[in-house]
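Commentary on secondary and tertiary structure
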Amino acid sequence: MLQFFKYVLATFVGIIVFIFLSFFILAGIGSMLSSDDKVVVEDKSVLRLDLNQPIQEVGVDNPLADLGGPFSGNESVVGLKDIMEALKNAQVDDKIKGIYLKTEGPEAGWATLEEIRNQLLEFKKSKKFIVTYGETYSEKGYYIASVADKIYLNPAGGLEWNGLSAEYSFFKGTFDKLEIKPLVFRVGEFKSAIEMFSRQDMSEASKKQSIELIQAINNNFLKNISASRNISTEELKGLADSLAVEDPKSALKYKFVTNLGYQDELESVLKRDLKIEEKKNISYIGVDKYLKGDSKIKEGDFNNRVGVLVAEGEITSGEGGDESIGSEKFVKELKEIRENDKIKAIVIRINSPGGSALASDVMWREIQLTAKKKPVIASMSDVAASGGYYMAMGCDKIVAQPNTITGSIGIFGLIFNVTDFMNNKLGITFDGVGTSPHADWPTATREMTDFEKSRIQKSVNEGYETFTKKAAAGRKMPVEKLKSLAQGRVWSGVEAKENGLVDVLGGVDDAIKIAAKAAKLKEGDYRVRYYPEKKRPLDEILTKIMGDTEEQVTTKTLGDLAPYVKMYKKLMNMGGTQTRMPFELIIR
């Protein structure tokens, strides 16, 4: 009994201590979050731009990262919006003398990198320096690094220069072994999203569109590096074909880098240029901290705004989540923006491979309603394909980067027959009753009849007709011409513009200017506001306290197997007909 009371007392004391500590921790958090202290930028500062992390359209702050423990991990998720804003301010800020780039292996798509690269080129007009140091550079990393005045490569490092590639996984063999039969319903020769389940290799149509797509992206890649490094595109291509850039010395020989050296050697050069004593530290300032200082860009009239509504992730019905576009949430946000009289024009910033056909149509309808009241411009990021294009085609104009992946105007349905798998592998059988012969249709637990399959195909065909008819109306072209560009085929931004699927090549700033002009707003006489707004620090803190996200846990636990588990989860979300990209595309 004495032992029992000892444990009870210990538990009680533990609870009291926990409450006591929690009170002081929360008080400290509240104090930190309520602080309005402005950051004062020192003279001779250097903006440190670290791109070696995931880059989203809108970032996430974690102001307690320095505390460690449950608040550690990614200090912040950097936002493209923040990067662009920091670069614009730094260009006119007398206290910022240059930029130090960390861009060895940026985790971003090609269009995102294009936005950043173009803004860096704009920054160079200020005559301030851009320098970069890397132990290694991936091709994406070098694409950004190539704009720098000084490019340092570690003497023991390396630079990837062997061309772009795209590889796909096929699961037909897995399904055959498991005795799972995928039933595919599609329209479009190039709508090859389902080939990963029905084939063991790429179809000729899929190969054709894939090679043409990465060639178009590669051509833009080579053209821009050629202009920055003064190396002909023919030489750049030849060096990739021959694997001639095999070590740091060859990278220096062929003028990919300006110097072989270590970080401390680059910093010594910077100190001389900045006229700082060798024993003193360079005053580096990161993007997040820099943006807490006074803005150098004057904002326009508070009552004249251009709203940028970010739509990033796969398309689903309902509220969606951090990594998906929920049609219900999107419609609610767009309605609020439309009814805000201070917002005169809207840019829909799309970064999506598509998803639910129904959800895509619901959002398209809301965009159409909004376009009747205010100018609505689509700005395509890394990918705006299938359902992503469905959203864009409802806008007044479409702006895309040259290396944006777009199009994929097509539709498919997918159902798995798991009868043999459940019976032969697990010993599970199914039986049931219904009020009509097709009461359980569509079903995954019996073989569907040809009549039932034909009804699903009919629904997919009707969905395709709806998609192409609305796309043709949005692009003001005959349906037959639109269909010749559809068939589920993906295009680069350059190809899409040539074919009339895109109006203007450019970034989100270009789309904002087009929207402002359409609303008859003068340059400098309006403000830009992003929606949804950047996550509040408190929300991120609570996420950290509650633990890792499901995706982080999956990645940590399964390692290299994590992508396959994520693919399984995507399959589970593929209910109904899909307007989705024809493949899981990662170009590297």
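Here is a short report on the structure shown in this document.

What follows covers the side chain of Thr 468. Mapped onto the fold, Thr 468 is located in helix α16 (residues 450-475). Within the structure, Thr 468 has its side chain in polar contact with the backbone oxygen of Tyr 464 (distance 2.9 Å). Apart from the residues within four sequence positions on either side, Thr 468 is in contact with Ile 409, Leu 482, Lys 483 and Ala 486.

On to helix α13 (residues 357-371), then. Spanning 15 residues, α13 covers 21 Å between terminal C-alpha atoms, matching the ideal 21 Å at 1.5 Å per step. Turning to α13, its buried residues are Ala 357, Ala 359, Ser 360, Met 363, Trp 364, Glu 366, Ile 367 and Thr 370. For α13, the N-terminal cap is Ser 356; the gap from its side-chain oxygen to the backbone nitrogen of Leu 358 is 3.4 Å.

Time to look at the packing of helix α3 (residues 110-123) against helix α7 (residues 204-229). Contact pair α3 / α7: the axes reach a minimum separation of 13 Å and the direction vectors enclose 20°. Compared by their axis directions, α3 and α7 come out roughly parallel. Considering how the two elements wind past one another, α3 and α7 form a crossing that is left-handed. Across the interface between the two elements, Trp 110, Glu 114, Arg 117 and Leu 121 from α3 touch Ile 217, Asn 220, Phe 221, Asn 224, Ile 225 and Ser 228 from α7. Of the residues assigned to the contact of α3 with α7, the class counts are 5 nonpolar, 3 polar and 2 charged.

Below, the discussion takes up the environment of Arg 365. By secondary structure assignment, the location of Arg 365 is in helix α13. Counting along the chain gives 29 residues from Arg 365 to Gly 394, while the straight-line C-alpha distance between them is 7.7 Å.

With that out of the way, let us pick up the pairing of strand β18 (residues 411-417). With 7 of 7 residues buried, β18 is to be regarded as a mostly interior element. Burial along β18 is two-sided: Ile 411, Gly 413, Ile 415 and Asn 417 and Phe 412, Leu 414 and Phe 416, pointing in opposite directions, are all buried.

Now for a nonpolar patch on the surface. A grouping of Leu 426, Ile 428 and Phe 430 is seen on the molecular surface, where their side chains present a nonpolar patch of about 270 Å² in accessible area. What makes Ile 428 partly exposed here is its relative accessible area of 35%.

Right, let's talk about the sheet that holds strand β6 (residues 150-159) for a bit. Overall, parallel pairing links the 6 strands, which are arranged β8-β6-β5-β4-β1-β9 in an open sheet. The open sheet has two edge strands with one neighbour each: β8 (259-260) and β9 (283-286). Two elements, strand β1 (residues 45-50) and strand β4 (residues 96-102), share 6 bridges in a ladder whose sense is parallel. The partner of Leu 47 across the bridge, within β4, is Ile 99. Across the face of the sheet, α3 comes into contact with β1, β4 and β5 (129-137) while running at roughly 150° to β4. Taken strand by strand, helix α10 (residues 263-274) contacts β1, β4, β5, β6 and β9, and its axis lies near 175° from that of β5.

Most of β5 sits out of view: 7 of its 9 residues are buried. Relative to β5, β4 runs parallel, the two sharing 4 bridges. Across the sheet, residue Tyr 100 finds its bridge partner in β5, namely Val 131. Viewed along the sheet, the connection from β4 through α3 into β5 turns out right-handed. Bridging between β5 and β6 involves 6 bridges; their strand directions are parallel. Across the sheet, Thr 132 pairs through a bridge with Ile 151, a residue of β6. On the question of chirality, the crossover connecting β5 to the parallel β6 by way of helix α4 (residues 139-145) is right-handed.

For the bond running from Trp 441 to Pro 442, omega is -5°, close enough to zero to count as cis. Mapped onto the fold, Pro 442 is located in the loop between α15 (419-425) and α16. Along the chain, Tyr 531 connects to Pro 532 via a cis peptide bond; the corresponding omega equals -10°. Its location among the elements puts Pro 532 in the loop between β21 (527-531) and α20 (537-546).

So, how was this worked out
Residues numbered from 1 in each chain as written. Predicted model: local features only at pLDDT ≥ 70, side-chain atom pairs only at ≥ 80, totals over all residues. Heavy atoms only, no water. Helix = DSSP H or I, 4+ residues; strand = E, 2+ residues; numbered from the N terminus. Polar contact = N/O pair within 3.5 Å; in protein donor to acceptor, adjacent residues only side chain to side chain. Contact = heavy atoms within 4.5 Å. Expected span 1.5 Å × (residues − 1). Buried < 20%, exposed > 50% of the residue type's maximum accessible area, 1.4 Å probe, protein only. Axes fitted to C-alpha atoms, helices over the stretch in contact; angles between N-to-C directions. Parallel < 35°, antiparallel > 145°, perpendicular 65-115°, else oblique. Left-handed = near helix turned anticlockwise from the far one by under 90°. Nonpolar A, V, L, I, M, F, W, Y, C, P; charged D, E, K, R; others polar. Patch = residues over 30% accessible without salt bridge, like charges linked within 9 Å, V, L, I, M, F, W, Y side chains within 5 Å. Areas by Shrake-Rupley, 256 points an atom, 1.4 Å probe, with all protein chains shown as cover. Salt bridge = Lys/Arg side-chain N within 4 Å of Asp/Glu carboxyl O. Pairing = 2+ DSSP bridges. Right-handed = clockwise from strand over helix to strand, strands pointing away.

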